[in-house]
Amino acid sequence: MPVFKLPLSGDVVQSIYPSFFSPTGSQFGLVNITVGQSSAPEVERDVLSDVGSYGRQIGQIADALLAVIEHLEGDADGTLKRDQAIKDFKTMLHAVVKVKKGHGREARRPRD
């Protein structure tokens, strides 16, 4: 069966950039977005606007956790280096570093 399209009715692709959705009151930009269940949405909104995005917060937590892991690996009997969760975490961080470097951003690379 042939595909029928009206003029100007081709595929539509629209990128949505987070900066467009800047928090103002209980709305984000022109669109009201629910970002999940929160017991204190006002606090969450203020943290996102005044402290850092989810990505920034997670990145700093990951950097701190990596520092703790690498410190403990030096004192441990090798158990941490064999732990699959630690290996997966470091693999994920290597992937994050690759993406950040591709955008000209600095990133903390895990020691292997």
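Residues numbered from 1 in each chain as written. Predicted model: local features only at pLDDT ≥ 70, side-chain atom pairs only at ≥ 80, totals over all residues. Heavy atoms only, no water.

J.: Could you clarify how one ought to interpret the overall build of the protein in this entry?
T.: Check the secondary structure of the protein and you find four helices and two strands. Expressed as a percentage of the 112 residues in the protein, the buried residues total 13%. Summing over all exposed atoms, the protein offers an accessible surface of approximately 9,300 Å²; the carbon and sulfur share of this is 59%. (Helix = DSSP H or I, 4+ residues; strand = E, 2+ residues; numbered from the N terminus. Buried < 20%, exposed > 50% of the residue type's maximum accessible area, 1.4 Å probe, protein only. Areas by Shrake-Rupley, 256 points an atom, 1.4 Å probe, with all protein chains shown as cover.)

J.: Help me understand the packing of helix 2 (residues 54–75) against helix 4 (residues 84–102), please; the structure alone is not making it clear to me.
T.: Helix packing for two helices is described by the angle between their axes and how far apart those axes are. Running from amino to carboxyl end, helix 2 crosses helix 4 at an angle of 130°, the nearest separation of the two axes being 12 Å. In this view, helix 2 runs oblique relative to helix 4, as classed from their interaxial angle. Helix 4 is crossed by helix 2, and the crossing has left-handed handedness. Contacts from Ala62, Leu65, Leu66, Ile69 and Glu73 in helix 2 reach Ile86, Phe89, Lys90 and Leu93 in helix 4. Classifying every residue of the contact of helix 2 with helix 4 gives seven nonpolar, no polar and two charged. (Axes fitted to C-alpha atoms, helices over the stretch in contact; angles between N-to-C directions. Parallel < 35°, antiparallel > 145°, perpendicular 65-115°, else oblique. Left-handed = near helix turned anticlockwise from the far one by under 90°. Contact = heavy atoms within 4.5 Å. Nonpolar A, V, L, I, M, F, W, Y, C, P; charged D, E, K, R; others polar.)

J.: So what exactly am I meant to see when it comes to the nonpolar core here?
T.: Looking at soluble globular proteins, one finds that nonpolar side chains tend to be buried together. Formed by Ala62, Leu66, Ile69, Ile86, Phe89 and Leu93, the largest nonpolar core amounts to six residues. Of all elements in the fold, only helix 2 and helix 4 reach the threshold of two or more residues within this core. Contacts of alanine 62, omitting those with residues within four sequence positions, involve Phe89 and Leu93. (Core = buried A, V, L, I, M, F, W, Y, C linked by side-chain atoms within 4.5 Å.)

J.: In this structure, what is going on with helix 2? I would like to understand it.
T.: Because each turn of an α-helix spans 3.6 residues, side chains separated by three or four positions in sequence point in the same direction. Look at helix 2: 32 Å from first C-alpha to last across 22 residues, which is about the 32 Å you get at 1.5 Å a residue. Taken together, the buried positions of helix 2 are Ala62, Leu66, Ile69, Glu70 and Glu73. For helix 2, the angular spread of buried residues about the axis comes to 95°, placing them on one side. Away from the buried face of helix 2 by more than 90 degrees, exposed residues Ile61, His71 and Asp75 are located. Elements that come into contact with the buried residues of helix 2 comprise helix 3 (79–82) and helix 4. (Expected span 1.5 Å × (residues − 1). Arc of directions from axis to C-beta.)

J.: Would you mind going over the pattern of salt bridges with me for this structure?
T.: Opposite charge on two side chains lets them pair, provided their charged atoms get close. Per the counting criterion, the structure on display carries four salt bridges. The salt bridge involving arginine 45 is made with aspartate 46; its shortest N-O contact spans 3.7 Å. For arginine 45, a relative accessible area of 25% gives the class partly exposed. Exposure remark for aspartate 46: the relative accessible area of 35% places this residue in the partly exposed category. Taking the shortest distance from any N to any O, the salt bridge between arginine 111 and glutamate 70 comes out at 3.5 Å. (Salt bridge = Lys/Arg side-chain N within 4 Å of Asp/Glu carboxyl O.)

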